[in-house]
Each structure stands twice: as C-alpha cells, then as structure tokens.
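# Remarks on the overall topology
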Amino acid sequence: HEIVSTAGNPEKLKFAVKYGADTLYFGGNEFNLRTQAGNFSFDDLIESIRYCSENSVKTVFLMNSFLHEDDLSAALDFISAIKDLNFYAIMVSDPGMLYMLKESGIEAEFHLSTQMNTLNHLSVKFWRDAGFKRIVLGREVTPDEIKKIKDNCDAEIEVFVHGALCIAYSGRCLLSRYLSGRDANRGDCSQPCRWKFSLLEEKRPGNFMDIIEHGRNTEILSSKDLCLIERIEDYIEAGVDAFKIEGRMKSLYYVANTTRIYKHAVEKSGTDDFKKYLPFWIKELDLINHRPYTHDLFNEFNNMAFSGVPYVKKALFLGYKYGHCGENNIADVKLYNPVYINDKIDSIFPIVNDKILDKSFTVKNIFDKDGNKTDMGRPGETVRIEFDGPVADNAIFRKKLKNKDQQKPGNLIC
C-alpha cells in the first residue's frame, strides 16, 4: 500500500522521500490546483524526477485544473514543454486535458483527480475505459463503498488519508471566485470558508454582530481536518491501494512527519504492533498544526453539535539539519523560526525498522555564518548550533509550545 505524499517545492520533496514516501505528487508553474504553492520550475522538475528515481520513488505530475476555452492553447504549449519528462503518472481532472495529453503521446499513466468526485464502481469503470489507471475517489466515499467498488472493477484506488477538507462537494467550490475573484477550480482558492463572518441586520447598516461559536472567532463554513490514522486498517481491508496526504501549502515539518507516521501505520496494519504504536502516531499528528481532526466526513459535527474549528498549534517548526558536520554535537541548521541559547527543542527522524530515534536537545551555543557566537538564530539563516548531544542526519527540529502559547482544539480525535 503506497503512501502518496505531497511536495509544494523541491525542498519539501526531498524530505518527503527521506521520511518514507512511496510516491510524490507536485505541480509545475501552470495548470495545477495550487497556484499559491512554491511549485516547480522546469529545472526543478528535471532534478526532482532524477532524485525520486534514484530513491525508487514514483512521481505524479499535477495537471488537474479545469480548463476554460481560452486556456486550451496555453495548455497545449505547456504539455509540449513537459511531455518528454519521465513522470510516472499525470494527475488530471478535466477530460479536455486528458484528450490533449493523449494526443501529445506522453508516456505516463493517467490518474483521475478527486475533483471528479468518483463515488461508485460504474463511474470508476467509465474512467478506466477512458484511460485512467488509478482513480482518486471523492472524500465522500465510505470504506464499505470502497469495498464494493474494488469488488466490481480492476482500477487502482487511492484515497485521501490526512489533511484539509473542503466545505464544497469533492472540493469543487465557487465561494472564492464569487467573493474574491480567485477561482478555486483553477488553483487560486482564497479559502473564504476559513474567514470570519458577522451578521448584518438590513435596517442597521454598519452594525455588525458576531455569530458566536467560540471565543476566538466565527467559522461557520470551515471544516475540520481529515485524520484516518485510527481507521486505516478498515481502508486497507476495503482494498485501498494508495493513501494520499494533502498539504502542498503546509510546512516541510508537516510533510515529513505525516509521511513517516502514515508509512509506519501502513507497515504495522494487521499486526499486534498497530495498537502498540497508535498512541505515538496520534501524539505526533497532534504536534503538527491542524484544525480539530475528524475521521467521519458526514458526522464531523456530531449531529450538528458544532463547537467551532480553532487552529491547533502545539509545536513550532524550527528548521532542519543542513548537510554534514565534522563534530557530533555540532550541526548546521537551516532555520524557519528563531532559536535561542538554552532552548529545549525536539528532533524527529525517519522511522526505519521500527526505530523511533526522536530525541530532545538543549541548545548550548549558536554561531552565525561568520563563525561568531550569537544569542539567537534568525529565520531564514543557516547557523551552526552546538547541542548537548550528537545529532544524526535528516533531523527536523521543533519546539513544543507552552500552554499559554497553544491554540487548543475542541473535540480532538487525534
């Protein structure tokens, strides 16, 4: 069972590979559904395909935006530019895009995006006959339905296992275009479902009243985040071939940690060790930034007993070990958030042969790029840090937030 992980840029891609991804999906500068992600230049694509190939990881290139008539010419030009790159598969939503890709002679599998909200085996057969080898089912499909689909067709089935959910059916939403002019179906969603809304009475202009849900603000459209870690065995039993992690806009730490946790969970599925490691997996998934989790798309509000979806932030991603250093206790660290002398920080590592290598450190000294001691490493810098113990390669650093700094969840499942 594959773990299909996300890569918003080449840096995240490499850590997803190091942390256990079997397949990586990513997009170029056009025609994918995340125009705000870092995405990949042409040179990035060549290097990323090479890196994945060397590490036996498959690559899925995203061309899953919906095309208007005026987009067709540009899409043809883009297809011509990338068609000789050695992608394992192309992810498509629009049948017109599929038609152009086939006409180009591109040598890659075709995978159908969840945006086409495929929910039953007859739809799967239709798309299989159209040329798709793998179908990413709509998030609305249940394990029982997946089993019936697998019993009645031979297509590979992929489902989302973790990440943001959308208020719209299978993610096809018009709110963003209506409220901000940015079309979600062309990759430019402004996420208005996450905005704060107030109530205005018609005869009292300018008198905005809060719609009270919880103390922080109002999110009457915002959904919880998907987390299937506790139910992954049910989905495997149903016949799922691949589990997909959402999050091209998320941090490198998010990508790496979700990838290693779900990879480990799939490996332990069906064994006595699954229950043994489950508390560890749940704890780790709670230490990435997220909204309250749900594993039940259709009952996530407990029969409408809605409690709001405040953002949960229990750890701060600091950075990662950069390259190799000669001294065991010293590491070059690329920083995304500030680090101070005497900070107590944690590191996570890939899980290999069931070995959990995560450990805690104290920052003893910090040196800037000129070798001078400093009290603080700043975001965007690569600094040399002396720790109170040796730091292995591929370390990612985080700092647990104190209670007063946390944004606490309501009804947290994972």
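Placed above this text is the structure.
Overview of the structure. Since this is a predicted model, take the numbers as computed values, not measurements.

Quick look at the overall build of the protein chain now. Across its full length, the protein chain carries ten helices and 21 strands. Across the 414 residues in the protein chain, those meeting the buried criterion constitute 52%. Taking contacts inside the protein chain between residues at least 6 apart in sequence as the whole, the part at least 24 apart equals 68%.

What follows deals with helix α10 (residues 273-286). Between its first and last C-alpha atoms α10 spans 20 Å; for 14 residues at 1.5 Å apiece the expected length is 20 Å, and the two agree. At Pro279, α10 shows its largest bend, some 30 degrees. Those residues of α10 lying buried are Phe274, Tyr277, Leu278, Phe280, Trp281, Glu284, Leu285 and Asp286.

Scanning the entire structure with this criterion turns up 31 salt bridges. Linking Glu156 and Lys133 is a salt bridge whose minimum nitrogen-to-oxygen distance equals 3.9 Å. Residue Glu156 is found in strand β7 (residues 156-164), and its partner Lys133 is found in the loop between α5 (121-130) and β6 (134-136); the two are separated by 23 residues along the sequence. The salt bridge partner of Arg134 is Glu158, with a shortest N-O separation of 2.9 Å. Of this pair, Arg134 sits in strand β6 while Glu158 is found in strand β7, placing the two residues 24 residues apart along the sequence. Each member of the pair, Arg134 as well as Glu158, is classed as buried.

What follows concerns the nonpolar core. Generally speaking, soluble globular proteins have nonpolar side chains that are buried together. In this structure, Met63, Ile90, Phe243 and Ile396 are the most contacted members of the largest nonpolar core, which totals 96 residues. Ranked by the residues each element gives to this core, the list is headed by helix α9 (residues 252-268), at nine residues. Met63 has contacts with Phe31, Phe78, Ile79, Ile82, Ile90, Met91, Val92, Ser93, Met97 and Leu101, leaving out every residue within four places of it along the chain. Core analysis: the second largest hydrophobic core is formed by 18 residues, Phe387, Val391, Ala395 and Phe397 among them.

As for its position among the elements, His162 is in strand β7. A distance of 2.7 Å separates polar atoms of two side chains, one belonging to His162 and the other to Tyr262.

The next thing to look at is the environment of Leu278. Tracing the backbone through its elements, the reader meets Leu278 in helix α10. With 49 residues separating them along the chain, Leu278 and Ile229 place their C-alpha atoms 8.0 Å apart. For Leu278, the residues in contact, after removing those within four places along its chain, are Ile229 and Glu230.

Attention shifts here to the pairing of strand β4 (residues 89-92). Side chains of β4 alternate between two faces, with Ala89 and Met91 and Ile90 and Val92 buried alike. On the question of chirality, the crossover connecting strand β3 (residues 58-63) to the parallel β4 by way of helix α3 (residues 72-82) is right-handed. Across four bridges, the pairing between β4 and strand β5 (residues 109-112) is parallel. By the bridge assignment for β5, Ile90 is matched with Phe110. What joins β4 to β5 is helix α4 (residues 95-104), and the crossover it makes is right-handed.

Turning next to the pairing of strand β14 (residues 330-335). Most of β14 sits inside the fold, with five of its six residues counted as buried. The sheet contact formed by strand β13 (residues 315-321) and β14 spans three bridges and is antiparallel. Residue Lys321 lies in a different strand from β14, and its bridge partner there is Val333. Where β14 meets strand β20 (residues 382-387), five bridges bridge the pair, whose relative direction is antiparallel. Paired with Ile330 across the bridge in β20 is Glu386.

Glancing now at unusual backbone geometry. Although it is not a glycine, Asn117 sits at a positive phi angle of roughly 35 degrees. In this fold, Asn117 is placed in the loop between β5 and α5. With relative accessibility at 18%, the residue Asn117 sits in the buried group. In the Ramachandran plot, Asn353 falls in the positive-phi region, its phi being about 55 degrees despite a non-glycine side chain. The topology assignment puts Asn353 in the loop between β16 (344-348) and β17 (359-367).

A few words now on the packing of aromatic side chains. A full pass over the atoms with the stated rule returns 17 aromatic pairs. Their ring planes at 70 degrees and their centres at 5.0 Å tell us that Phe274 and Trp281 sit as a pair that is edge-to-face. By the burial criterion, Phe274 is buried, and Trp281 matches it. Judged by centre distance (6.4 Å) and plane angle (35 degrees), the ring pair of Tyr320 and Tyr336 falls under tilted. One end of the pair, Tyr320, is in strand β13; the other, Tyr336, is in the loop between β14 and β15 (339-340), with 16 residues separating them in the sequence. Ring pairs connect the aromatic residues Phe15, Tyr19, Tyr253, Phe317, Tyr320, Tyr322 and Tyr336, which therefore count as one cluster. Positioned over the ring face of Tyr51 is Lys14, at 5.4 Å from the centre of the ring. When the ring centre of Tyr25 is taken as origin, the NZ or CZ atom of Lys244, which lies over that ring, is 4.5 Å away.

Definitions and limits used
- The numbering scheme is per chain: residues are counted from 1 as the chain's sequence reads.
- Totals for whole chains, interfaces and linings use every residue, but because this is a predicted model, local features are given only for residues with pLDDT of at least 70 and side-chain atom pairs only at 80 or more, for both listing and counting.
- Values shown for side chains rest on all heavy atoms present in the structure; no hydrogens or waters enter the calculation.
- Only runs of H or I of at least four residues qualify as helices and only runs of E of at least two qualify as strands under DSSP, and these elements are numbered from the N terminus.
- Three exposure classes are used, based on accessible area relative to the maximum for each residue type with a 1.4 Å probe and protein chains only: buried under 20%, partly exposed in between, and exposed over 50%.
- Throughout, a contact is declared for two residues whenever any of their heavy atoms are within 4.5 Å.
- Multiplying 1.5 Å by the helix residue count minus one yields the expected span of that helix.
- What is called the bend at a residue is the angle between a pair of axes, fitted to the seven residues leading up to and ending at it and to the seven starting from it.
- Each reported salt bridge corresponds to a side-chain nitrogen of Lys or Arg within 4 Å of a carboxyl oxygen of Asp or Glu.
- As used in this record, nonpolar core signifies buried Ala, Val, Leu, Ile, Met, Phe, Trp, Tyr and Cys residues forming a set joined through side-chain atoms within 4.5 Å.
- Any pair of nitrogen or oxygen atoms within 3.5 Å is treated as a polar contact; in protein, a donor-acceptor pairing is required on top of that, and neighbouring residues in sequence qualify only through side-chain atoms on both sides.
- Whether a crossover is right-handed depends on one test, that the path from the first strand over the helix to the second runs clockwise when the strands point away from the viewer.
- A pair of strands is considered paired only if DSSP assigns at least 2 bridges between the two.
- Each aromatic pair joins two rings of Phe, Tyr and Trp (for Trp, the six-membered one) with centres within 6.5 Å, and gets the label stacked for planes under 30 degrees apart, edge-to-face for over 60, and tilted for any other angle.
- Ring-over charges, as used throughout, are those where CZ of Arg or NZ of Lys falls within 6 Å of the ring centre and within 35 degrees of the ring normal.

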